[in-house]
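Summary of the model geometry
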Amino acid sequence: QVQLVESGGGLVQAGGSLRLSCAASGRTFSSYVMGWFRQAPGKEREFVASISWSGANTYYADSVKGRFTISRDNAKNTGYLQMNSLKPEDTAVYYCAAGSLGIYETAPWLYTYWGPGTQVTVSS
């Protein structure tokens, strides 16, 4: 089992930045692909970014490419999502997830472990 807890969400103005963290405990976090997803009210959960177990490879949704950066520090059992140039349409609950899959596989049901989520609100 892997337990995940997100933090770092909040309210920010458009154009601003936030850094989300995902703290992991339990089984070896470093052996799993980590992903970030988000879900806005009334919408399906959507893929944001993923990173390989080593951190060497990353993959982004087109909507966040060039603005968001995913990273991880396996020594600290922590993953990160740096979000810059935020837009009101980025407003959502953000979730981190972990699983044994490829970084290009973006379907939420392919991830095994999930955090409870953290709210990000971007005002215009």
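It should be noted that the structure appears before, not after, this text.
Here is a short report on the structure shown in this document. (Residues numbered from 1 in each chain as written. Predicted model: local features only at pLDDT ≥ 70, side-chain atom pairs only at ≥ 80, totals over all residues. Heavy atoms only, no water.)

A short note on the pairing of strand β1 (residues 2-7)
Two faces belong to every sheet, and in a regular strand the side chains alternate between them. Here β1 shows one buried face, formed by Val-2, Leu-4 and Glu-6, and one open face, formed by Gln-3, Val-5 and Ser-7. Two strands pair when backbone bridges link them, and β1 and strand β3 (residues 18-26) are joined in this way by six bridges, in the antiparallel orientation. Considered in β3, the bridge of Val-2 is made with Gly-26. (Buried < 20%, exposed > 50% of the residue type's maximum accessible area, 1.4 Å probe, protein only. Helix = DSSP H or I, 4+ residues; strand = E, 2+ residues; numbered from the N terminus. Pairing = 2+ DSSP bridges.)

Notes on the packing of aromatic side chains
The description of two aromatic rings rests on the distance between their centres and on the angle between their planes. In the structure shown here, the tally under the stated rule is eight aromatic pairs. With 4.9 Å between their ring centres and 75° between their planes, Tyr-59 and Tyr-104 make a pair best called edge-to-face. You can see Tyr-59 sitting in strand β6 (residues 58-60) and its partner Tyr-104 sitting in the loop between β9 (92-99) and β10 (113-114), a full 45 residues away along the chain. Centre to centre, the rings of Tyr-95 and Trp-114 are 6.4 Å apart; their planes meet at 80°, and the pair counts as edge-to-face. Remark: Trp-114 occurs in strand β10 and Tyr-95 occurs in strand β9; sequence separation between them is 19 residues. For Tyr-95, a relative accessible area of 13% corresponds to the buried category. Here Trp-114 falls in the partly exposed class, since its relative accessible area comes to 25%. An aromatic cluster of at least three residues, connected via ring pairs, comprises Phe-37, Phe-47, Tyr-59, Tyr-95, Tyr-104, Tyr-111 and Trp-114. Directly above the aromatic system of Tyr-80 lies the positively charged group of Arg-19, at a separation of 4.0 Å from the ring centroid. Positioned over the ring face of Phe-29 is Arg-72, at 4.5 Å from the centre of the ring. (Phe/Tyr/Trp six-rings, centres within 6.5 Å; stacked < 30°, edge-to-face > 60°. Lys NZ or Arg CZ within 6 Å of the ring centre and 35° of its normal.)

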